[in-house]
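Chain by chain, the residues:
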Amino acid sequence: MPDTPDPLKAAWDEIRRLKLEKYVAELDANGLTVVPPEIACPGDLKSRLLDALLDVAEEETGVRPDLETGSTHSYLNNRYAVEEGGDSPFGALLQCLLLKNRAFEEALMNPVHLAMTTYLLGYSMILSGMTAFMKGPNKSNLGLHSDIFLPDPYPPHAMLAASTYVLTDFDSENGSTAYLPGSHRLCRRPNPEETAIGEGGNPGAIPVEAKAGSLVFWHGNTWHGAFHRKAVGLRVSLNLLMARPYMRTEEDMADRIPEEVLARNSARFAVLTHQGLFYGFTSSEDASRRVARSGKVTEAYHKESGGVSCTNPFEMKMHS
Ligand SMILES: O=C(O)CCC(=O)C(=O)O
Ligand SMILES: [Fe+2]
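Every value quoted in this text rests on a predicted model; they were computed, and no experiment measured them.

Asker: Would you mind going over the overall build of the protein with me for this structure?
Answerer: Secondary structure summary: the protein contains 9 helices and 10 strands in total. Burial statistics for the protein: of 320 residues in total, 47% are counted as buried. Partitioning the contacts of the protein with sequence separation of at least 6, the portion at a separation of at least 24 is 80%.

Asker: I would appreciate a short explanation of the sheet that holds strand 7 (residues 206–207) in the present structure.
Answerer: Within a beta sheet, neighbouring strands are joined by backbone hydrogen bonds and run either parallel or antiparallel to one another. Taking strand neighbours across the sheet as the criterion, the 4 strands line up as 4-9-6-7 in an open arrangement whose pairing is antiparallel. At either end of the open sheet lies a strand with only one pairing partner, and these are strand 4 (142–145) and strand 7. Direction of pairing for strand 6 (residues 177–179) relative to strand 7: antiparallel, over a ladder of 2 bridges. Following the sheet pairing, tyrosine 179 is matched in strand 7 by isoleucine 206.

Asker: Got a minute to help me understand helix 4 (residues 45–61) in this structure?
Answerer: The periodicity of an α-helix, 3.6 residues per turn, causes residues three or four positions apart to be oriented the same way. Over its 17 residues, helix 4 extends 24 Å from the first C-alpha to the last, a length consistent with the 24 Å expected when each residue adds 1.5 Å. At its buried positions, helix 4 is contacted by helix 3 (37–40), strand 2 (92–94), helix 5 (102–109), strand 3 (126–135), strand 5 (160–166) and strand 10 (235–243).

Asker: Got a minute to help me understand the site of ligand 1 in this structure?
Answerer: The environment of ligand 1 is formed by Phe90, Phe133, Leu142, Asp147, Ala162, Thr177, His224, Ala226 and Asn239. Class assignment of the residues belonging to the shell around ligand 1 gives a composition of 5 nonpolar, 3 polar and 1 charged.

Asker: Explain the pairing of strand 8 (residues 215–219) here, please?
Answerer: Both faces of the sheet carry side chains from a regular strand, because those side chains alternate between them. Among the 5 residues of strand 8, 5 are classified as buried, and the element is accordingly described as predominantly covered. Across the two faces of strand 8 the burial is the same, with Leu215, Phe217 and His219 and Val216 and Trp218 all buried. Inspection of the sheet shows strand 1 (residues 32–35) paired to strand 8 by 4 bridges, in the antiparallel sense. Residue pairing for strand 8: leucine 32 is matched across the bridge by tryptophan 218.

Asker: Looking at this structure, how should I read unusual backbone geometry?
Answerer: Most of the time, phi is negative for any residue but glycine, and the peptide bond is trans. A cis amide bond links aspartate 152 with the next residue in sequence, proline 153, at an omega value of -5 degrees. Here proline 153 shows up in the loop between strand 4 and strand 5. A positive phi angle is found at lysine 19, which is not glycine, with a value near 60 degrees. The topology assignment puts lysine 19 in the loop between helix 1 (7–17) and helix 2 (21–30). Notably, cysteine 96 is not glycine yet its phi reads approximately 50 degrees, a positive angle.

Asker: Mind showing me how you'd approach the sheet that holds strand 8 here?
Answerer: Pairing is antiparallel in the open sheet, where 6 strands are placed in the order 1-8-5-10-3-2. Each edge of the sheet is formed by a strand with only one pairing partner; in this case those strands are strand 1 and strand 2. Going from strand to strand, the sheet's axes swing by 20 degrees on average, the running direction of each strand aside. Against the sheet, helix 5 makes contact with strand 3, strand 5 and strand 10, and its axis sits at roughly 55 degrees relative to strand 10, the strand it touches most. Lying on the sheet, helix 6 (residues 111–121) is in contact with strand 1, strand 5, strand 8 and strand 10; it crosses strand 5 at an angle near 160 degrees.

Asker: What exactly am I supposed to notice about the packing of helix 1 against helix 6 here?
Answerer: When two helices pack together, their arrangement is given by the angle between the helix axes and the distance between those axes. Where helix 1 meets helix 6, the axes come as close as 9 Å, and the angle between the chain directions of the two elements is 150 degrees. Judged by the twist between their axes, the crossing of helix 1 over helix 6 is left-handed. Two secondary-structure elements touch here, helix 1 through Ala11, Glu14 and Ile15 and helix 6 through Ala115, Thr118 and Tyr119. A per-class count over the contact of helix 1 with helix 6 returns 4 nonpolar, 1 polar and 1 charged.

Asker: What is the right way to read the packing of helix 4 against helix 5 from this model?
Answerer: Following both chains from N to C, one finds helix 4 and helix 5 inclined at 130 degrees, their axes separated by 9 Å at the closest point. Between helix 4 and helix 5, the crossing angle belongs to the class labelled oblique. Crossing angle aside, the handedness with which helix 4 passes helix 5 is left-handed. For the pair helix 4 and helix 5, contact is made by Leu45, Arg48, Leu49 and Ala52 and by Ala103, Phe104, Glu106 and Ala107, respectively. Considered class by class, the residues forming the contact of helix 4 with helix 5 number 6 nonpolar, no polar and 2 charged.

Asker: Whenever I open this one, the nonpolar core confuses me. Can you help?
Answerer: The tendency in soluble globular proteins is for nonpolar side chains to be buried side by side. Within the largest apolar cluster, 79 residues are counted, with the highest numbers of intra-cluster contacts made by Leu49, Leu53, Leu160, Val216 and Met242. Of all the elements, helix 6 adds the most residues to this core, at 7 residues. Beyond its immediate chain neighbours, meaning those up to four positions away, valine 216 contacts Leu32, Val34, Thr164, Val166, Thr177, Val208 and Ala210.

Analysis parameters
- Residues numbered from 1 in each chain as written.
- Chains lettered and ligands numbered in written order.
- Predicted model: local features only at pLDDT ≥ 70, side-chain atom pairs only at ≥ 80, totals over all residues.
- Helix = DSSP H or I, 4+ residues; strand = E, 2+ residues; numbered from the N terminus.
- Buried ≥ 20, exposed ≤ 12 C-beta atoms within 10 Å, placed from the backbone.
- Contact = placed C-beta atoms within 7 Å.
- Pairing = 2+ DSSP bridges.
- Expected span 1.5 Å × (residues − 1).
- Near = placed C-beta within 6 Å.
- Nonpolar A, V, L, I, M, F, W, Y, C, P; charged D, E, K, R; others polar.
- Axes fitted to C-alpha atoms, helices over the stretch in contact; angles between N-to-C directions.
- Left-handed = near helix turned anticlockwise from the far one by under 90°.
- Parallel < 35°, antiparallel > 145°, perpendicular 65-115°, else oblique.
- Core = buried A, V, L, I, M, F, W, Y, C linked by C-beta atoms within 7 Å.

Rendered as structure tokens:
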């Protein structure tokens, strides 16, 4: 047998190096885990992410969000309002964030983030999308759902993983994420009568309690939603949706990442931002260009990862 490194062993070694074993156990058992700030966000990453999001929101709307009172976002009638004229269960959405501040590159490349999501999705995973939610006081709960857009039954292994940087404290009063422990093993989406949370809703759904600076991870199959915010002020979170490379992604990044951004990052960053994908071509010439780019990036990543990554669709394994 050739002496090829084992990607599962490599992923596990990294988890042990970062002392994440107990969070992996919780993720396996419950389908969701909270990694606390001292492990998830060393240094000042949390405050830089929060400041960056306030800046992006101000640039997009002309108004700086009011963190203390939430008055800029109360009862926001926005996309995905549950009923006509009602408020949005997400609050404001800030999308396609990766290139809007260097702190977002750091959020993606944070070793804790990569170790936990690589455990679920393998070394060939990619970023599906980077989205922030800013929620003021509101009335609408976000019902339970799985993030994955696949027909039931879902495979038991993760095809998607979600990572949420909690940037203001989470509990049910202030509109935290909710989830149903163990639901990742049901391998199906909830039926309509199983989606409601809060009073009279799904009795198993519980709030995610997490201090600002925590990083919450959930399996793509896990049923989750969010409680409406009763407290004043804003709930701010940054969500990174990660995917296996053959999933359709939220964002199309292949031709969007400037050379200077690629140059200052690792080969893994290039793979995460779709440079290793060649599907999506628009002509035969474009297909050739993408295949050549993919080959270059994939080879560089293979070397950088010590041979554990494999993005070749004919050879890919569960953790490679
Ligand atoms: O607002 C939340 O906590 C949940 C949002 C959500 O469903 C998601 O990020 O997939
Ligand atoms: Fe979701």
